[in-house]
Amino acid sequence: GWCPLSPTGAQTTQLLVKPPWTPAVLWDWVTLTCQGSGTTGATTWYKDGQRWGQNRRDSFTVTKSGTYTCDRRGSGRSPPVTVLNDRLVLQVPALTLLEGDTVTLRCRA
């Protein structure tokens, strides 16, 4: 499934990651989807704080590591998602977690 990397309602625009684990890793064929109440197809993507390419689509598969955000005309910019290219990573589900929650950790190489 798709999971936002920040609490629902915290901002109007959300950046969803699939597979739903954080940190995301490049070798997982990560797909990012920009979701919000703004205009569909009017998405501006940013990589490492800089406007990135001419990609106006709402969804794409990441091919380079970095920190991504998206902006939907009418609903603003999303929180960032970082995609790593590390060989070894400890991941947690990309969900909002509260103290006392049971969580599954994944150590992956």
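First things first, this report covers the structure right here in the doc. As the structure is a computational prediction, the values presented were derived from the model and not from experiment.

### Structural notes on the nonpolar core
(1) Moving on: Leu15, Val30, Leu32, Trp45, Val62, Tyr68 and Val83 are the most contacted members of the largest nonpolar core, which totals 15 residues.
(2) Moving on: Among the elements of the structure, strand 2 (14-18), strand 5 (31-35), strand 9 (66-72) and strand 11 (81-84) are those that each provide at least two residues to this core.

### Quick notes on the state of the cysteines
One way to say it: the disulfide is the covalent bond shared by the sulfur atoms of two cysteines.
(1) Moving on: Counted according to the given criterion, the structure contains 1 disulfide.
(2) Moving on: Through a disulfide, Cys34 is tied to Cys70; the S-S separation comes to 2.0 Å. Looking down the S-S bond of the Cys34 and Cys70 bridge, the torsion is 85°, so its handedness is right-handed. Residue Cys34 is found in strand 5, and its partner Cys70 is found in strand 9; the two are separated by 36 residues along the sequence. Across this residue pair, the class does not change: Cys34 and Cys70 are buried.

### Here we look at a nonpolar patch on the surface
(1) Moving on: A grouping of Leu90, Leu95, Leu97, Val103 and Leu105 is seen on the molecular surface, where their side chains present a nonpolar patch of about 450 Å² in accessible area.
(2) Moving on: Its place among the elements puts Leu95 in the loop between strand 12 (89-93) and strand 13 (106-108).

### Considering the side chain of Asp58
(1) Moving on: With respect to the helices, strands and loops of the structure, Asp58 is situated in the loop between strand 7 (50-51) and strand 8 (59-61).
(2) Moving on: Buried and unpaired, Asp58 has Arg72 as its nearest opposite-charge partner, separated by 4.1 Å.
(3) Moving on: Polar contacts involving the side chain of Asp58 include one to the side chain of Thr43, which spans 2.5 Å.

### Structural notes on the pairing of strand 9
(1) Moving on: Within strand 9, 5 of the 7 residues are buried, which leaves the element mostly enclosed by the surrounding structure.
(2) Moving on: As paired elements, strand 6 (residues 43-47) and strand 9 share 5 bridges and run antiparallel to each other. Paired with Lys47 across the two strands is Tyr68, which belongs to strand 9.
(3) Moving on: With 3 bridges joining them, strand 9 and strand 11 adopt antiparallel strand pairing. For Thr67, the partnering residue across the bridge sits in strand 11 and is Thr82.
(4) Moving on: The sheet contact formed by strand 9 and strand 10 (residues 76-77) spans 2 bridges and is antiparallel.

What counts and how
- In this numbering scheme, every chain counts its residues from 1 along its sequence in written order.
- Where local features are concerned, this predicted model is filtered to residues with pLDDT of at least 70; where side-chain atom pairs are given and counted, the filter is 80 or more; whole-chain, interface and lining totals use all residues.
- In computing side-chain values, all of the structure's heavy atoms are included and hydrogens and water are not.
- We call a set of buried Ala, Val, Leu, Ile, Met, Phe, Trp, Tyr and Cys residues a nonpolar core when their side-chain atoms join them within 4.5 Å.
- For each residue, the accessible area found with a 1.4 Å probe, counting protein chains only, is set against the maximum for its type, and the residue is called buried under 20%, exposed over 50%, and partly exposed in between.
- Each helix corresponds to a stretch of at least 4 residues labelled H or I by DSSP, and each strand to a stretch of at least 2 residues labelled E; elements are numbered beginning at the N terminus.
- We call a pair of cysteine sulfur atoms a disulfide when they lie within 2.5 Å.
- Within the patch definition used here, like charges are joined within 9 Å and nonpolar side chains (Val, Leu, Ile, Met, Phe, Trp, Tyr) within 5 Å, considering only residues with over 30% relative accessible area and no salt bridge.
- Each accessible area value is a Shrake-Rupley result obtained with a 1.4 Å probe; residue values ignore everything except the protein chains displayed when judging cover.
- Think of a salt bridge as a Lys or Arg side-chain nitrogen and an Asp or Glu carboxyl oxygen that are within 4 Å of each other.
- We count Lys and Arg on the positive side and Asp and Glu on the negative side, and we leave His and both chain ends out.
- By the criterion applied in these results, polar contacts are pairs of N or O atoms within 3.5 Å in which, for protein atoms, one can donate a hydrogen and the other can accept it, and in which residues neighboring in sequence qualify only through two side-chain atoms.
- Two strands form a pair only when DSSP identifies at least two bridges running between them.

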